[in-house]
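An overview of the molecular structure
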Amino acid sequence: TLPLAATIATRNVFDACWSDDPQKALMHGPTFMANALGCAAANASLDLFESEPRLAQVAARIQRRQPFLMSEEPVMHAPRRPSPLDRMLRPFADVRAGESATALLLGLNVFLLLSSGYVAKVLREPLILASGHTPLPGAQLKSYTATGATLLLALVLPLYGALAGQVPRRRLINLVTVVCVACFVGFFALAEADIWTGIPFYVFVAVFNVMIIAQFLAFANDVYTEEGGKRLFPIAGGGGSAGSVAG
């Protein structure tokens, strides 16, 4: 939310408050202490009034809502009742009405992410330990490759953070997911062509396991408030634990 305020007053009150002298001006009423961000938002809102028929839009909306506003029926509605699924999940977390579907989807999401990550780890180990494609022993090659993957992560993660500040979250998630799926398909095609991919696949899996989980946590942070996350974390955590075991 933006710290923005406005005061509606009669001309006499307005003239009494309007002054270039700080001792006479009503500082806390009309400008909210001239907050720069709030004033920029106010100017943008005024620009919309000049470029779009905002008053006509407001009048049309009031007219549509007038029968409801003038109705004598009570405007308060009964609170939403928990569904059977909500009640089924309550032994595991403090699930409130309407929260079960989102919590289960997040749990399924982290289940798939962790299970796929562990399957990829199982696939990469024999590729690099028993390769025979380099003069280095498998264990030594794995050690050097792991070091290279760590250095690559030190470069990739700041770039990802910078990109996250420029691209909308949903678009970024879709982009990273598509790139990861395309990489898996590409490695599968190379394996089918009998092309050794031990080192690049090892590095890719290392980056994949870090980035995809970091992205999930950032997405979950957008979905839930701190209070909601604390209440529903056991469901997502259970999905992660089950995914680790399944993988």
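Residues numbered from 1 in each chain as written. Predicted model: local features only at pLDDT ≥ 70, side-chain atom pairs only at ≥ 80, totals over all residues. Heavy atoms only, no water.

1. Digging into the overall build of the protein chain
Across its full length, the protein chain holds 9 helices and 0 strands. In the protein chain, the succession of α and β elements from N to C terminus is α-α-α-α-α-α-α-α-α. The proportion of buried residues among the 247 residues of the protein chain is 23%. Relative to all contacts within the protein chain whose residues are 6 or more apart in sequence, the contacts with residues 24 or more apart total 68%. (Helix = DSSP H or I, 4+ residues; strand = E, 2+ residues; numbered from the N terminus. Buried < 20%, exposed > 50% of the residue type's maximum accessible area, 1.4 Å probe, protein only. Contact = heavy atoms within 4.5 Å.)

2. Topic: the nonpolar core
The biggest cluster of nonpolar side chains holds 26 residues, and the ones touching the most others in it are Val95, Phe204 and Ile235. At the level of elements, α5 (100–129), α6 (138–164), α7 (169–192), α8 (198–223) and α9 (226–246) are the ones that each hand at least two residues to this core. Here this core gets 8 residues from one element, more than from any other, and that element is α8. Those residues within four positions of Val95 in sequence are excluded, and the remaining contacts are Asp86, Leu89, Arg90, Ser100, Arg231, Leu232 and Ile235. (Core = buried A, V, L, I, M, F, W, Y, C linked by side-chain atoms within 4.5 Å.)

3. A word on α7
Look at α7: 35 Å from first C-alpha to last across 24 residues, which is about the 34 Å you get at 1.5 Å a residue. Here α7 has its buried residues at Leu172, Ile173, Val176, Cys180 and Phe187. Phi turns positive one or two residues past the end of α7, at Asp194, with a value near 60 degrees. (Expected span 1.5 Å × (residues − 1).)

4. A look at the pattern of salt bridges
Enumeration over the complete set of coordinates arrives at 1 salt bridge. The residue Glu227 makes a salt bridge to Arg231 at a minimum N-O spacing of 2.5 Å. With Glu227 and Arg231 both in helix α9, this residue pair falls 4 residues apart, about one helical turn. Glu227 gets classed as partly exposed once you look at its relative accessible area, which sits at 39%. Residue Arg231 is classed as buried on the basis of its relative accessible area of 11%. (Salt bridge = Lys/Arg side-chain N within 4 Å of Asp/Glu carboxyl O.)

5. As for unusual backbone geometry
Of note in this structure, Asp194 is not a glycine but carries a positive phi near 60 degrees. Following the sequence through the fold, Asp194 ends up in the loop between α7 and α8.

6. Notes on the side chain of Thr145
With respect to the secondary-structure elements, Thr145 resides in helix α6. Beyond its immediate chain neighbours, meaning those up to four positions away, Thr145 contacts Ile128, Ile199, Tyr202 and Val203.

7. Focus: the environment of Gly243
Structurally, Gly243 can be placed in helix α9. Given the relative accessible area of 0%, Gly243 is considered buried. Along the sequence, Gly243 and Val110 sit 133 residues apart, while their C-alpha atoms lie 7.2 Å from each other. Filtering out sequence-adjacent residues up to four positions away, Gly243 remains in contact with Phe111, Leu114 and Ser115.

8. Some points on α9
For α9, built from 21 residues, the straight-helix expectation of 30 Å at 1.5 Å per residue is met to within 8% by its first-to-last C-alpha distance of 29 Å. When the local axis directions of α9 are compared, the greatest deviation, roughly 55 degrees, occurs at Leu232, which is followed within four positions by the proline Pro234. Among the residues of α9, those classed as buried are Gly228, Arg231, Leu232, Ile235, Ala236, Gly239, Gly240 and Gly243. Looking at the buried positions of α9, the neighbouring elements they touch are α4 (84–89) and α5. (Bend = angle between axes of the 7 residues up to and from the residue.)

9. Considerations on the packing of α5 against α8
Helix packing for two helices is described by the angle between their axes and how far apart those axes are. Contact geometry for α5 and α8: axes closest at 9 Å, N-to-C directions at 170 degrees. Put simply, α5 runs roughly antiparallel to α8. As for how α5 packs across α8, the hand of that crossing is left-handed. Each residue belonging to the contact of α5 with α8 can be placed in one class, and the counts come to 19 nonpolar, 6 polar and 3 charged. (Axes fitted to C-alpha atoms, helices over the stretch in contact; angles between N-to-C directions. Parallel < 35°, antiparallel > 145°, perpendicular 65-115°, else oblique. Left-handed = near helix turned anticlockwise from the far one by under 90°. Nonpolar A, V, L, I, M, F, W, Y, C, P; charged D, E, K, R; others polar.)

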